[in-house]
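Close look at the chain arrangement
Listed below are the residues making up each chain.
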Amino acid sequence: MNTNLSMNNIVDWTTTSDLVGNVKVDQVGVLDRVSSLATRSIKRESKLDALEKIVSMCDLTTLEGEDTEGKIIQMSSKAMSPDPNDDNVPSAAAVCVYPALVSTAKKIVKDSNVKVASVSSYFPSGQAPIESKISDTQFAIDEGADEIDIVINRKAFFEGDYKKVYEEIKALKDVCGEIHLKTILEIGELKTYENIKKASVIALCAGSDFIKTSTGKISNGSSREACLIMARTVREFESYGYGMRGIKVAGGIRDAKDAIRYLVIINEELGGSWLSADYFRFGASSLLDDVLKQIKKLKTNAYQSSYYFPRG
Amino acid sequence: MNNWEYAESIESEKIVKIEKKYGHFINGEFVSPNSKKYLDTISPSSEEVLSSISIGNEKDVDFAVNAAKEGLKQWSKTSPSERSKYLFKLARLIQERSREFAVLESLDGGKPIKESRDFDLPQVAQNFFYYAGWADKIDLAWGSGISKPYGVVGQIIPWNFPLLMLSWKVAPALATGNTVVLKPAETTPLTALLFAELCDEVGLPKGVFNLITGDGTTGSELVNHKDIKKIAFTGSTSVGKYIQKSLAGRDVGLTLELGGKAANIVYNDAALDEAVEGVVNGIFFNQGHVCCAGSRLLVQEDIHDVFINKLEKRMQTLRVGNPLDKNTDIGAINSKDQLDKITDLVNEGVSDGGELFQIECELPKNGFWFKPSLFTGVQANYKIATEEIFGPVLTTLTFRTPDEAVEIANNTEYGLSAGIWTEKGSKILWTADRLDAGVIWANTFNKFDPASPFGGYKESGFGREGGRHGLLSYLKASS
């Protein structure tokens, strides 16, 4: 165990600050690698394997003002049994909801494999004082959330106050304790690869168990380039002796083909150890249905219409 | 571990039709060789015989050169815009049949299909498009009326990028109004033979493009033919020297594109993950059968351990195997001869005291294969640090200061290419200014464009291919 690591896997600020100051990333190289990995040809049994992995890594998500208990119950039920006609299809990893609906979801999934994740910290903007973020998070935990998805303070990030970004995440990790903390970087706002890498370093050092691409609430969602950069940061982190951390990609990943390309990036940059829901997740609402269709296609050689699968 | 294996994804061979036997392509048609001698061309990944090709002798070469001389009569009367049309047609046909060409290239040469499909073929078509565009603008390139074509040019190309090297040579030669006798490498003649069929299909006038297959003796006959006005050669430095000696005392133009031992300089302020990718691409692209390969890794001493650690991990993810598998990163070594040469040099590196790292992977039983390899602890006087290996073998040297990096980089008889890795723009410019290399990449490697001239300094040869300068290789001053 590394000596710079304190409780909750937090790396001290001096070390963090050095790491952030030393961030280097080359755009051309990132684009080259991503486009080269996109040519991997995933067929037959390896495709089926991938699709089933993707189902088991899905955080089935609804984060809308119009969400009701009825909607959440429906989605949670689907997460436990995405394809009731095929026992080989695993359950999803989690359902992801707003704090006020955590208890509803928890009532359905109970002690099954499916976790309840709650967004908090004034998702999606994060524009609130830390005290409010803490109480938002504490509320979700009290309601029974197994995992917490927070957003970084982009205001502080763009004002250059990296320490504030770090301290806030650290404070929220303190609230979470053993509960899994996923930190959303909102890469669509960070824009540059350097920013994405800096934010990844800060979030990991501050004790996040996962770093996550996007809220899904702005038009620029996840990107494979960001996933690559985040994967490399996670790899570096592990090589320093800071332990294995996870990645969640979310926002705009709608079809199985795209999801498989993400999986290839993780497989080739981080290796097979990361290919489980403990270390890699997809946040999605419509992705799951396409994956289920593709699984059916591989098994029966026929595309089935959406109405063969239960609504989520 | 949750290992996720990629199932085989094989590009079908059915798309290509390979004849049992091929003649030469002379005067617009395939003809049986006067020599009556044939030679097998095999697939280096399976050792299966793909076809037999003719070995050209003195008479065959004479026949081809005479056809090119006759062809020149009509070709020199063909207007530049007409020449341009033929080249455009060829470019489009190559695009249309690129899958077929790609499969054939991988079968005959051993390179991974993803490279022949995504690199070689698109580049080939681009070269023809590019020089098609120049054909009626030669006067604009180098001034009006100051230059004229050589006439009949002999072109000898290597086995590492068979069709791509054909396009580098044939497209500018035809665009400038020369006629051609081309000799492909003995191990990789098939794509050139298919290209000959295309020349027939587009109705290229007889004798403008002639193809003669064979081995070194055939090439020698071509070089020594009295009516050849220019030789363009890409290949090894030793053969290049032989050609230059043969042509001394004759009024024959010559361009040579020969070997290399390029330095890939990684400064401590580089984006290391991307530099690792670039270094991997620089040496393992096309099994390292690349004259401009970044075969000497020059890494700043203070990041040596970190960098080598990253590099070894990345190398371990390379997928070695069947060239026709779409997921293969490293294919077969082109020939038994080349494999022996690589093996000898690597053994010598080990006995000299170099520390060898090779990836763990299973190699197919048949065919010619070599595990991606990395040498560390190498001294400048080891043979692996100076001699071109032309295989998937990277040699590491360290430096302390930029001055020292430049000194080591230039400490070679070659001067074809180099790479520089740093996030500092000023350092890129400072370093590039001081390197003796024909092409220098910064924060990337092995990037090509038809508009960019390519060629070397010192024993890497002379003359440029590609771009506006590439036209000059096929033009001489008008008297």
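A quick note: this is a predicted structure, and the numbers were derived from the prediction, not measured. (Residues numbered from 1 in each chain as written. Chains lettered and ligands numbered in written order. Predicted model: local features only at pLDDT ≥ 70, side-chain atom pairs only at ≥ 80, totals over all residues.)

1. A look at the overall build of chain B
Looking only at helices and strands, chain B has 16 helices and 22 strands in total. Computed over the C-alpha atoms, the radius of gyration of chain B is 22 Å, within 12% of the 23 Å expected from 2.2 N^0.38 for a compact globule of 479 residues. Considered along the principal axes of its C-alpha atoms, chain B spans approximately 65 × 50 × 35 Å. A total of 479 residues make up chain B; the buried ones form 56% of that total. Counting contacts in chain B only where the partners sit at least 6 residues apart, residues at least 24 apart contribute 72% of the total. (Helix = DSSP H or I, 4+ residues; strand = E, 2+ residues; numbered from the N terminus. Rg over C-alpha atoms; globule rule 2.2 N^0.38 Å. Buried ≥ 20, exposed ≤ 12 C-beta atoms within 10 Å, placed from the backbone. Contact = placed C-beta atoms within 7 Å.)

2. A look at the domain arrangement of chain B
All names here are of chain B. For chain B, the assigned domains are domain 1 (13–258 + 460–477) and domain 2 (263–449). The centre of domain 1, based on its C-alpha atoms, is set 30 Å off from the matching centre of domain 2. Domain 1 puts 20 residues into the contact, and the matching count from domain 2 is 26 residues. Elements supplying a minimum of two residues to the side of domain 1 that touches domain 2: helix 3 (98–109) and helix 4 (113–134). Per-element accounting of the side of domain 1 that touches domain 2 gives the leading share, four residues, to helix 4. Looking at the side of domain 1 that touches domain 2, its residues break down into five nonpolar, nine polar and six charged. (Domains from an automatic or database assignment. Nonpolar A, V, L, I, M, F, W, Y, C, P; charged D, E, K, R; others polar.)

3. Considering the sheet that holds strand 13 (residues 296–300) of chain B
All names here are of chain B. Pairing is mixed across the open sheet formed by seven strands, whose spatial order is 14-15-16-13-12-18-19. Each edge of the open sheet carries a strand with a single partner, namely strand 14 (355–358) and strand 19 (439–442). On average, each strand axis in the sheet is inclined to that of its neighbour by 20°, with strand direction left out of account. Pairing geometry for strand 18 (residues 417–421) and strand 19, over four bridges, is parallel. The partner of Ala418 across the bridge, within strand 19, is Ile440. (Pairing = 2+ DSSP bridges. Axes fitted to C-alpha atoms, helices over the stretch in contact; angles between N-to-C directions.)

4. With respect to helix 7 (residues 190–201) of chain B
Residues and elements named next belong to chain B. Relative to the 16 Å expected for twelve residues at 1.5 Å per residue, helix 7 spans 17 Å between its end C-alpha atoms, a close match to the ideal helical length. Of the positions making up helix 7, those classed as buried are Leu190, Thr191, Ala192, Leu193, Leu194, Phe195, Ala196 and Cys199. Just beyond helix 7, the residue with positive phi is Gly203, at close to 75°. (Expected span 1.5 Å × (residues − 1).)

5. Regarding the pairing of strand 10 (residues 230–234) of chain B
Taken residue by residue, a regular strand's side chains alternate between the two faces of the sheet. All names here are of chain B. Along strand 10, five of the five residues are buried, which leaves the element largely enclosed by surrounding structure. Burial along strand 10 is two-sided: Lys230, Ala232 and Thr234 and Ile231 and Phe233, pointing in opposite directions, are all buried. Relative to strand 10, strand 7 (residues 152–156) runs parallel, the two sharing four bridges. Its bridge partner being in strand 10, Val153 is matched across the sheet by Lys230. Examined bridge by bridge, strand 10 and strand 11 (residues 253–257) share five bridges and lie parallel to one another. Bridging across to strand 11, Thr234 finds its partner in Glu257. Remark: the strand 10/helix 9 (residues 237–247)/strand 11 crossover connection has right-handed handedness. (Right-handed = clockwise from strand over helix to strand, strands pointing away.)

6. Quick notes on the sheet that holds strand 5 (residues 49–54) of chain B
Residues and elements named next belong to chain B. If you walk across this open sheet you meet the three strands as 1-5-4, and the pairing is mixed. Taken across any chain shown, the strands that pair with only one partner, and hence form the sheet edges, are strand 1 (21–22) and strand 4 (38–42). Two elements, strand 4 and strand 5, share five bridges in a ladder whose sense is antiparallel. Residue pairing for strand 5: Leu39 is matched across the bridge by Ile53.

7. Focus: the interface of chain B and chain A
With 22 residues of chain B in contact, the opposing surface of chain A contributes 25 residues. Among the secondary structure elements, those contributing two or more residues to the side of chain B that touches chain A are helix 4 and helix 10 (272–284) of chain B. If you tally residues by element for the side of chain B that touches chain A, the top one is helix 10 of chain B, at four residues. Among the residues making up the side of chain B that touches chain A, the classes are represented as six nonpolar, eight polar and eight charged.

8. Considerations on the nonpolar core
A:Ile54, A:Cys58, A:Val95 and B:Val266 are the most contacted members of the largest nonpolar core, which totals 157 residues. Non-local contacts of A:Ile54, meaning those with residues more than four positions away in its chain, are made with A:Ala256, A:Ala259, A:Leu263, A:Phe282 and A:Val291. Among the nonpolar cores identified, the runner-up in size contains 83 residues, and B:Ala68, B:Val103, B:Phe233 and B:Leu254 belong to it. (Core = buried A, V, L, I, M, F, W, Y, C linked by C-beta atoms within 7 Å.)

9. Some words on the environment of A:Val20
Residues and elements named next belong to chain A. For Val20, the position within the fold is in helix 1 (residues 13–21). On the basis of neighbour count, Val20 is assigned to the buried category, with 20 C-beta atoms found within 10 Å. Sequence-wise, Val20 and Val201 are 181 residues apart; in three dimensions their C-alpha atoms are separated by 6.5 Å. If sequence neighbours within four positions are ignored, Val20 has contacts with Tyr162, Lys198, Val201 and Ile202.

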